[in-house]
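Single-letter residue listing:
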Amino acid sequence: MMATAIKVFFPLDSVAVALGADDVAEALSDAASKKGCNLTIVRTGSRGMHWLEPMLEVERDGARIGFGPLSPEDAPGIIDALLDPSVKHAKNLGPVEEIPYFREQTRLTFARCGVIDPLSAPDYVAHGGLKGLAKAAQMSGADVIAAIKTSGLRGRGGAGFPTFIKWDTVSRETADQKYVVCNADEGDSGTFADRMIMEGDPFLLIEGMAIAGLAVGANQGFIYLRSEYPVARRVLERAIDNAYAAGVLGGNAGGSGRRFDLEVFVGAGAYICGEETSLLNSLEGKRGEVRAKPPLPAIHGLFGKPTLIQNVLTFCAVPTILDKGGEFYRDFGMGRSTGTMPFQLAGDIKYGGLFETAFGVTVRKLVEEFGGGTRSGAPIRAVQIGGPLGAYLPQSLLDLPMDYETMLANGAGVGHGGLVVFDDTTDLLEQARYAFEFCAEESCGKCTPCRIGAVRGVELVDRIREGVDREKNVTVLEDLCELMIDGSLCAMGGMTPIPVRSALKHFPEDFGVKPAASAAK
Ligand SMILES: Cc1cc2nc3c(=O)[nH]c(=O)nc-3n(C[C@H](O)[C@H](O)[C@H](O)COP(=O)(O)O)c2cc1C
Ligand code: SF4
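If you're wondering where the values come from, they're calculated on a predicted model, not measured in any experiment.

A. Just the sheet that holds strand β6 (residues 179-184), in detail. On the basis of which strands lie adjacent, the open sheet formed by 4 strands has the order β8-β7-β6-β9 and parallel pairing. Unpaired on one side and paired on the other, β8 (261-266) and β9 (307-311) mark the two borders of the sheet. On average, each strand axis in the sheet is inclined to that of its neighbour by 20°, with strand direction left out of account. Here β6 runs beside β9; their pairing, made up of 5 bridges, is parallel. Along β9, the bridge assignment pairs V180 with L308. Taken strand by strand, helix α10 (residues 202-216) contacts β6, β7 (220-225), β8 and β9, and its axis lies near 150° from that of β6.

Listed below in structure tokens is the structure:
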């Protein structure tokens, strides 16, 4: 008798692996062979619903049915349920795309993540990939850049700078060599979207970078990847090999008749190497120390050549823009924050994971409605937005919409889209201390306000906690913040005051001062 053949989709994503996905995959294979079933496991990215990982999917009647979260002990029962759809299984989640957390999203960047085999170029193409590159290959660089301008795309790495301006600047430079560099250092606490897309849909990044190379006239690209991402490294390197074989990269990139080469460079694990000029120094084999700007990397970047440097998610938005048009992308979002953002819900949250939606969604909707509030059920006290240098928002500001301008007007920033939730047991003075501690640890040391200021900040917070001249030391703390903002060479020292000031402004009681005594802006 022929063995029954079944194909399932199961994540290779780091979160799923950390939760035991590799052991579950092995147990599934064992159980399948014992039951005489010929099981094919396609390792995919994750759908981003972390509380359901490791989650298995099987296709039935055109829909993907999920089972999760799985442990190795579930394997025999799962095989039974796969062999006979009428078998009821407690971990059957029904159609994955009907799970409310998933259904409520607008997935432009993450549309394929968790669906396709990340290493298969044909699978990528079958799910709409390479259409953007095919169009870009037939367009002038100026027309590609015009589409990016129309889309309103802004950098997703943190600063939200209009993307087309950088592309235009690099394209206008005359040089024997130009570079395209992807910032995949993803150092912000509570962020993981770059990793997820590189693990789950690496061709999207490759396609976005190839389009950029053609548009600005660069024939060499580098992906600067943080060393803590070994799975992403493995997937990217194999996907790049496959992209060469498929003609996406190489001498006739995407059928353009022009060359674009791409390689992965693994960083050495320093937060400051995410800052673009430190990153370029590191990529050149030097110490990861910030360079003074100007000159801008777009004019004098890697090895002194014009260099386009963008975050992973910025490049990953590009293929959709070229395929569907700048207007299509621009119509999502609000104001000058166009398109979608893959928000990352982390910290003390019930439904942690990735949630891609248009700009304009409120913080509360993300963390309470979709994220389900805290895991413990305790009230939310603060949400830190945009990484370790981001503001702590109190309950009273959770109804703010997520867009660059609103956040800025409230002393915060969208950053890389990470939201870290803290419950009502959190001491915000400790969090302010942590901001200085982090800066002292990660400072590149080039300028005094940051190198010395961060250490003085830790000492000041300790004195405030101990009640030593509390009011006076709060005033000195505010002065120190101002000095760091005004005098730091880069945003590391310049933004460390943001979490400190927001903690002091919104949670003065944790510093033992009355709201009026806190003049923090
Ligand atoms: C201390 C520091 C750390 C940074 N870390 C990252 C990072 O991990 N990833 C990233 O894309 N951008 C990071 N940035 C922002 C980059 O300097 C730069 O703005 C970004 O790579 C530009 O790409 P984008 O316009 O696509 O956002 C960091 C900036 C600073 C000051
Ligand atoms: S602000 Fe800090 S990280 Fe940035 S250049 Fe100065 S010392 Fe280096």
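What follows picks up the thread again.
B. Representation of the environment of L262. Position of L262 among the secondary structure elements: in strand β8. By relative accessible area, L262 is classed as buried at 4%. Put simply, L262 and A175 are 87 residues apart on the chain and 19 Å apart in space, counted from C-alpha to C-alpha. Once residues within four sequence positions are removed from consideration, L262 is found in contact with I206, M209, Q220, G221, F222, I223, I240, Y244 and L249.

C. Inspection of the pattern of salt bridges at higher detail. Scanning the model with the defined rule gives 34 salt bridges in all. A salt bridge links R364 to E368, with the nearest nitrogen and oxygen atoms 3.3 Å apart. Here R364 pairs with E368, and both are found in helix α15 (residues 363-370), just 4 residues apart, close to one helical turn. The partner of R456 in a salt bridge is E459, and the shortest N-O contact between them spans 2.8 Å. Of this pair, R456 and E459 both sit in helix α19 (residues 453-466), 3 residues apart, which is roughly one turn of the helix. Given the relative accessible area of 41%, R456 is considered partly exposed. Beyond isolated ion pairs, a larger network of salt bridges with shared partners links R47, E57, E59, R64 and E97.

D. Structural detail: helix α17 (residues 428-442). Its 15 residues place the ends of α17 21 Å apart at the C-alpha level, agreeing with the 21 Å of an ideal helix rising 1.5 Å per residue. When α17 is considered as a whole, its buried residues turn out to be L428, L429, Q431, A432, R433, A435, F436, F438 and C439. Two or three places before L429, at the start of α17, stands the capping residue D427, its side-chain oxygen 2.9 Å from that residue's backbone nitrogen.

E. Just the nonpolar core, in detail. Within the largest apolar cluster, 137 residues are counted, with the highest numbers of intra-cluster contacts made by W167, M198, L205 and L419. Per element, the largest residue contribution to this core is 11 residues, and it comes from α10. In contact with L419, other than residues within four places in its own chain, are F343, Q344, L345, A346, V363, L366, V367, V383, Q384, I385 and M402. A21, C37, A75 and A81 belong to the second-largest nonpolar core, a separate cluster that totals 23 residues.

Rules used throughout
- Residues numbered from 1 in each chain as written.
- Chains lettered and ligands numbered in written order.
- Predicted model: local features only at pLDDT ≥ 70, side-chain atom pairs only at ≥ 80, totals over all residues.
- Heavy atoms only, no water.
- Pairing = 2+ DSSP bridges.
- Helix = DSSP H or I, 4+ residues; strand = E, 2+ residues; numbered from the N terminus.
- Axes fitted to C-alpha atoms, helices over the stretch in contact; angles between N-to-C directions.
- Contact = heavy atoms within 4.5 Å.
- Buried < 20%, exposed > 50% of the residue type's maximum accessible area, 1.4 Å probe, protein only.
- Salt bridge = Lys/Arg side-chain N within 4 Å of Asp/Glu carboxyl O.
- Expected span 1.5 Å × (residues − 1).
- Polar contact = N/O pair within 3.5 Å; in protein donor to acceptor, adjacent residues only side chain to side chain.
- Core = buried A, V, L, I, M, F, W, Y, C linked by side-chain atoms within 4.5 Å.

Nothing here speaks to function; it is all geometry.
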